[in-house]
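# Analysis of the macromolecular model
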Amino acid sequence: MDRRKFIKIGTGAVAVGAMSGSVVLRAAEISAENKASDDLTAGYSAASDSASEYSTARYSSEIGEAGKKDLLVRFLGTGAADWNGMDERGELRRLSSVLLDNRILIDFTPSDADMLPPGFKKPDAVFYTHSHSDHYNARAAIETLHANVAYVGDTWVERAKADLAAAASGLGKSTPEVIGLAIGQRTQCGDLTITALPGNHATKDDNEQTLIYLIEKGSVRVLYATDTGGIDAHIADGKPITGLIMEATMGIDHDEDFRIFTHSSVGTVLRTAHVLLDTGRLKAPQGQPVYLTHMARTLHGTQAQLDANLPRPLRAAYDGLEVIFRG
């Protein structure tokens, strides 16, 4: 059976009980997880382990100015599809999007426009992970971004071309070039190299292969993984990554949510980080966390609660956060 069809069938299933014993990460187990992970995550902890100080701690990757060899990542939005704006608790998250070195975007919707940095004019390129509307908006790509080049998976490139041409026509603008990416295909954008890798996620189009991206700049190698139920950890060239940004749609105590079939949870990301660290596939600078994004409103607490309770080396990103992945 085709893998994408298998994912779609699995999404409708209700049989999670067999896996719950090995996957669920209970809130009461957080301190135990922290202690157990100390050997693997030395240097990742915040300035203090107490909850009151942990919530306001800064990490080395969030301090200072980015140098020419560093990769600057600005989180424009960090919410999943159900968290687009202010929630009943006063917590604001836009739809997930990142800006790389102030010139290349991964995903973009109108919700993210106000988080673009002051003076931003247009990106060198926009890379889309998939066609879901909380990641991809053809009109915004033209009206807000004035994009010249858009990259999408080659499994839906013709659909994207039609979408963007229709949006451009309606706005009286020129149509951007749309380039389809195959799995493993590398794209050079100035001093950044971006490689398309397979995501484990389903859309309404059975033929669409969703993407995650490996971002390289000199010695910096950051994997940006959303939306996906886990990752293929053996990056094709065998070299370790130096940073990880991964979705955690499901929060602590929600590993049995039905979205686990095509999304990741805090528990998934924690175990993935441990395996990557233990096997040498992730070699991050001291003090640099694994960043979480794409968080569901109904499955996560506030930013303060996340800061206080997430096990090391995880760190919940928030809208407007700038992170320096150092070279």
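As the structure is a prediction and not an experimental result, all values here were calculated from the model. (Residues numbered from 1 in each chain as written. Predicted model: local features only at pLDDT ≥ 70, side-chain atom pairs only at ≥ 80, totals over all residues. Heavy atoms only, no water.)

## Remarks on the overall build of the protein
- Helix and strand content of the protein: eight helices and 16 strands.
- Counting the 327 residues in the protein, one finds 55% classified as buried.
- Long-range contacts, defined as pairs at least 24 residues apart, comprise 65% of the intrachain contacts of the protein with a sequence gap of at least 6.
- For the protein, the computed accessible surface area is about 13,500 Å², with 51% contributed by carbon and sulfur atoms. (Helix = DSSP H or I, 4+ residues; strand = E, 2+ residues; numbered from the N terminus. Buried < 20%, exposed > 50% of the residue type's maximum accessible area, 1.4 Å probe, protein only. Contact = heavy atoms within 4.5 Å. Areas by Shrake-Rupley, 256 points an atom, 1.4 Å probe, with all protein chains shown as cover.)

## Notes on the side chain of Glu91
- Relative to the elements of secondary structure, Glu91 occurs in the loop between β2 (85-86) and β3 (92-93).
- It is Arg93 that comes nearest to the buried, bridge-free Glu91 among opposite-charge side chains, at 4.8 Å.
- Other than its neighbours up to four places away in sequence, Glu91 contacts Trp83, Gly85, Met86, Thr302 and Gln303. (Lys, Arg positive; Asp, Glu negative; His and termini not counted. Salt bridge = Lys/Arg side-chain N within 4 Å of Asp/Glu carboxyl O.)

## As for the packing of aromatic side chains
- Considering all chains together, one arrives at six aromatic pairs under this definition.
- Taking the centre distance of 4.4 Å and the plane angle of 10 degrees together, the rings of Phe127 and Tyr151 count as stacked. Pair noted here: Phe127 is in strand β6 (residues 125-127) and Tyr151 is in strand β7 (residues 149-153), with a separation of 24 residues, a long-range link.
- Judged by relative accessible area, Phe127 falls into the buried class, the value being 0%.
- Ring plane angle 85 degrees and centroid distance 5.1 Å describe the contact between Tyr128 and Tyr136, whose orientation is recorded as edge-to-face. Here Tyr128 and Tyr136 have matching classes, each one buried.
- Feature note: the residues Phe75, Tyr291 and Phe325 constitute an aromatic cluster, connected by ring pairs. (Phe/Tyr/Trp six-rings, centres within 6.5 Å; stacked < 30°, edge-to-face > 60°.)

## Here's the deal with the pattern of salt bridges
- Enumeration over the complete set of coordinates arrives at 19 salt bridges.
- The salt bridge partner of Arg315 is Glu62, with a shortest N-O separation of 2.9 Å. With a gap of 253 residues between them, Arg315 in strand β15 (residues 314-316) and Glu62 in the loop between α4 (51-54) and β1 (71-77) connect regions that are remote in the sequence.
- Look at Glu62 and you get buried, because its relative accessible area is 6%.
- The salt bridge involving Arg89 is made with Asp87; its shortest N-O contact spans 2.7 Å.
- The exposure class assigned to Arg89 is partly exposed, which follows from its relative accessible area of 36%.

## Section: the confidence of the model for the protein
- On average, the protein scores 86 in pLDDT, and the residues at 70 or more come to 82%.
- In the predicted structure, residues 5-56 sits below a pLDDT of 50 and forms 87 contacts with residues beyond four places in sequence or in another chain. (pLDDT = per-residue confidence, 0-100.)

## Here's the deal with unusual backbone geometry
- Of note, the amide linkage connecting Thr226 to Asp227 takes the cis form, showing an omega dihedral of -10 degrees.
- Checked against the element boundaries, Asp227 lands in the loop between β12 (220-225) and β13 (243-247).
- For the peptide bond that leads from Arg312 to Pro313, omega is 5 degrees, which places it in the cis range.
- Inspection of the secondary structure assignment puts Pro313 in the loop between α8 (303-309) and β15.
- Phi is positive for Asp101, which is not a glycine, with a value near 50 degrees.
- Note that Asp101 resides in the loop between β4 (97-100) and β5 (104-106).
- We classify Asp101 as buried; its relative accessible area is 16%.
- Phi is positive for Asp253, close to 80 degrees, though the residue is something other than glycine.
- Structurally, Asp253 is set in the loop between β13 and α7 (266-278).

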